[in-house]
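Architecture and fold: a report
Here's the letter readout for the chains.
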Amino acid sequence: MGLISLLIVLALLLGFGKKIIKFIASRICSPNPFKKNTCTNVKAKVTDQKQRDAVLKQGFSLDKVPENLDAIVIGSGVGGLSVAALMAKSGKKVLVLEQHDQAGGCCHTYIDKGYEFDVGIHYVGEMATQTVCKTYLDQITNGQLEWAPMRDDYDDVVFAEKDQEPRKYPVFSGRGRWKQYLKKTFPADEKNIDKFFKMMDEVHPEIFKSAFVKFIPLWAVWLLRVTGLLKCFTSFYEWENKTCKEIVWGLTKDQELRDILCYGFGDFGTPPSMTGFPMQTYLYKHFEEGSSYPVGGASEIPFHIIPVIEAAGGKVLVRAEVTQIIIDGKGRACGVKVRKGKELVNVTAPLIISDAGVHNTFERLLPLEVASSSRFWPLVQTAKHGPGSLYVFVGMNCDADELDILKRKNAWVFTGSDIDKVTVDYWNLSREEALDAEIPHLFVSFPSTKDPDWKQKFPCKTTMALVILMPYRWMEEWENKRVMKRGDEYESIKKTFAHKALEKACELFPSIRDHIDYVNIGTPLSNRYYFGAQRGEVCGLDHTTERFSLQSNAILRPQTDVPGLYLTGQDICCGGLAGAMWGGLLCASSILLRNVKSDLERLHQIIQDEKKAKAKFR
């Protein structure tokens, strides 16, 4: 076996010869985006809407397109903005094109009738302390983002069955605190709870290690697997077929504890029987050291990334729907077609980066003959879209202090035991059956209580956000109807679902009922219209065990087999703000041909050392 292993290593080295040469050259030629700490003192918040719109709502026109572009990014979600900012910090001129009327993707906000709502960011982990993830976001915003800590018990798991008193279980941040609470609450399962957290500690470090398969040839991935050498690099793929339900149900017979250990699946939308245990692990570890909310709201994130892109000569332009990726006579991506009114205009660049998702990129944007011959095509045909959601945005005409509500925390409400079963059973209903059924799960949040700037901007007002996971097929028949003009039946159906959600919220928080002043409802079709999500999904590809298998993880890489075309965002990493950011970093690494994560970690260590030195001399 030793001789075989040696031959394999030699084969891999020979196969990587060109890549190694390119990599060494790139260390000389490609500037380090994290060469120095670019954080400056936090400036006063810009609250004037015209000034903010001048950054977030720059409409597309050809005269605004910079000359001699290095790259075009399709989509201004965090995956698109982060890779554009990293390239800008390496001296590249990047154009970001957004089909919506403002930049930011799920980080955008909207104001209506005196209320402001975040559409996708409810809370973010790894920002309460100086983690590597926070250092990354600090650098691509020049340190201008501020974060407000949520409560230590940042989530409540609430079981609210009909005609029963709700049972609430808090989820704590702080290393070991949630585990200790669960052991105290479920003493008969103390050893099983220890096993659960021990497994998470084993799996979590392997998640980032697993990404190396995105940068080596696919034949090398196959060779590592069949020879067993893959385990020399990571043990992640030993978990790839193990669902969260399989792990948790195997640990305990207490159904309430099972449900609590699996409660967070709503953050990415895939039930425990379908999602891999590593994804659940990543989610819980993400919040282990604390949960935070961006001061000033989620739109602060794109508002501070865009100037970094513009500082290198780039632009972020909205109302710029990309209808096609242009392929030249040599089969290389060389530009995009952009809808401008009734006309299509061409914008060219040597690199095209798609933050539109794998399905959109290969099924809608690429010419069929190009897409269908790609190695991505079989995966695109089988990979599932993540579930859609129904949102209910509620405004209340009083200060939060007048209400008995959650402040700086969220609630995950379940109306039945065995949350996996009730969720899957609900999704399997027809729309007509679902209209008469009880909603099995509901996310409840009061965003205005999380933002310390809220009362200054919107005095005597409070907001609530409700989210229900909803199959796209229930609304599919109206997908080709114009927004705001989908007809009375559509309006009636979405109001019925929203009313159920709102009634459950009023049962849990009765003080809100007499203060409801504003209600707006978004369905999976709203996600399709505003975010360009084909099936109304918020977190991209469904987070199933298949999605994170070795084969899928290796294929879902930043560099495609269409020359000049790269992918960024959630689909090449995982869902959520951090997942989209890491997708941007992986894409930047592939384009710049350098280990950008190592660059980031070195700067992070320098910043940590400087902080320690300052603290020592205080």
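Residues numbered from 1 in each chain as written. Predicted model: local features only at pLDDT ≥ 70, side-chain atom pairs only at ≥ 80, totals over all residues. Heavy atoms only, no water.

**Observations concerning the overall build of the protein**
Selection rule: Numbering of helices and strands starts at the N terminus; helices are DSSP runs of H or I of at least 4 residues and strands are runs of E of at least 2. Using C-alpha atoms as the atom set, the radius of gyration is obtained and then compared with a globule rule of 2.2 Å times the number of residues to the power 0.38. Remark: exposure states derive from per-residue accessible area (1.4 Å probe, protein chains only) relative to the maximum for the residue type, with buried under 20%, exposed over 50%, and partly exposed in between. We call two residues contacting when some pair of their heavy atoms lies within 4.5 Å. Charged residues are defined here as Lys and Arg on the positive side and Asp and Glu on the negative side; His and the ends of the chain fall outside this count. Here the site of a charge means atom NZ of a Lys, CZ of an Arg, CG of an Asp or CD of a Glu.
Helix and strand content of the protein: 23 helices and 20 strands. At 24 Å, the protein has a C-alpha radius of gyration in line with the 25 Å of a compact globule built from 618 residues. Across its three principal axes, the protein shows a C-alpha extent of roughly 70 × 60 × 60 Å. Residues counted as buried form 60% of the 618 residues belonging to the protein. At a minimum sequence separation of 6, the contacts of the protein that also span at least 24 residues come to 75%. Taken together, the 80 basic and 75 acidic charged side chains of the protein have centroids lying 7 Å from each other.

**Focus on the sheet that holds strand β13 (residues 343-348)**
Here is the rule we go by: Strands qualify as paired when DSSP identifies two bridges or more between them. Angles here are taken between N-to-C directions and fall from 0 to 180 degrees, while the axes themselves are lines fitted to C-alpha atoms, restricted in helices to the stretch in contact.
Reading across from one edge, β11-β12-β13 is the order of the three strands in this open sheet, with antiparallel pairing throughout. A strand with exactly one partner marks an edge of an open sheet, and here the two such strands are β11 (321-327) and β13. Sheet twist, expressed as the mean angle between neighbouring strand axes with direction ignored, is 30 degrees.

**Quick word on the sheet that holds strand β9 (residues 291-294)**
If you walk across this open sheet you meet the three strands as β5-β9-β6, and the pairing is antiparallel. The outermost strands of the open sheet, each flanked by one partner alone, are β5 (124-125) and β6 (147-149).

**Section: unusual backbone geometry**
Within the chain, N68 stands out as a residue other than glycine whose phi angle is a positive 55 degrees. Its location among the elements puts N68 in the loop between α3 (49-56) and β1 (71-74). A relative accessible area of 66% places N68 in the exposed class. For E126, which is not glycine, the phi dihedral falls at a positive 65 degrees. Its place among the elements puts E126 in the loop between β5 and α5 (132-139). Judged by relative accessible area, E126 falls into the buried class, the value being 19%.

**With respect to the pairing of β13**
Judged from the six bridges that link them, strand β12 (residues 333-340) and β13 form a sheet pairing that is antiparallel. Residue pairing in the sheet places V336 in a bridge with V347 of β13.

**Focus: the nonpolar core**
Going by this rule: Buried Ala, Val, Leu, Ile, Met, Phe, Trp, Tyr and Cys residues that are joined via side-chain atoms within 4.5 Å together make up what is termed a nonpolar core.
Grouped together as the largest cluster of nonpolar side chains are 161 residues, with contacts concentrated most on W178, L182, M464, F497 and I512. Considering every element that reaches this core, the biggest residue donor is helix α22 (residues 576-592), with ten residues. Those residues in contact with F497 that sit more than four places away from it in its chain are L390, Y426, R431, A434, L435, I439, I468, M470, W474 and M475. Within the second largest apolar cluster, 36 residues are counted, among which are V358, L541, L556 and I572.

**Points about the packing of helix α7 (residues 190-209) against helix α9 (residues 244-251)**
Rules: Note on terminology: angles under 35 degrees are roughly parallel, angles over 145 are roughly antiparallel, angles of 65 to 115 are roughly perpendicular, and the others are oblique. Charged residues are taken to be Asp, Glu, Lys and Arg, nonpolar residues to be Ala, Val, Leu, Ile, Met, Phe, Trp, Tyr, Cys and Pro, and polar residues to be all remaining types, Gly included.
It is at 9 Å that the axes of α7 and α9 come closest, and there the two elements cross at 150 degrees. Regarding the angle of α7 to α9, the classification is roughly antiparallel. Within the contact between the two elements, α7 uses N192, K195, F196 and M199 and α9 uses I247, V248 and L251. Its residues placed into classes, the contact of α7 with α9 shows five nonpolar, one polar and one charged.

**As for the confidence of the model for the protein**
Quick reminder of the rule: Residue-level confidence of the predictor is summarised by pLDDT, bounded by 0 at the bottom and 100 at the top.
In the predicted model, the protein carries a mean pLDDT of 93, and the fraction of residues at 70 or more is 95%. Note that pLDDT drops below 50 for residues 1-18; the model gives that stretch 14 contacts with residues more than four away or on any other chain. Between residues 20-27, whose pLDDT stays under 50, and residues either more than four places distant or in other chains, the model counts twelve contacts.

**Let's talk about the packing of helix α6 (residues 177-185) against α7**
Here is the rule: Put simply, a crossing is left-handed when the front helix is turned counterclockwise from the back one by less than a right angle, and right-handed when it is turned clockwise.
Relative orientation of the contacting elements α6 and α7 amounts to 160 degrees, with a least axis distance of 9 Å. As far as their axial angle goes, α7 and α6 are roughly antiparallel. Read as a crossing pair, α6 and α7 show a hand that is right-handed. Contacts between α6 and α7 pair W178, K179, L182 and K183 from the former with E190, I193, D194 and F197 from the latter. Among the residues forming the contact of α6 with α7, the class breakdown is four nonpolar, no polar and four charged.

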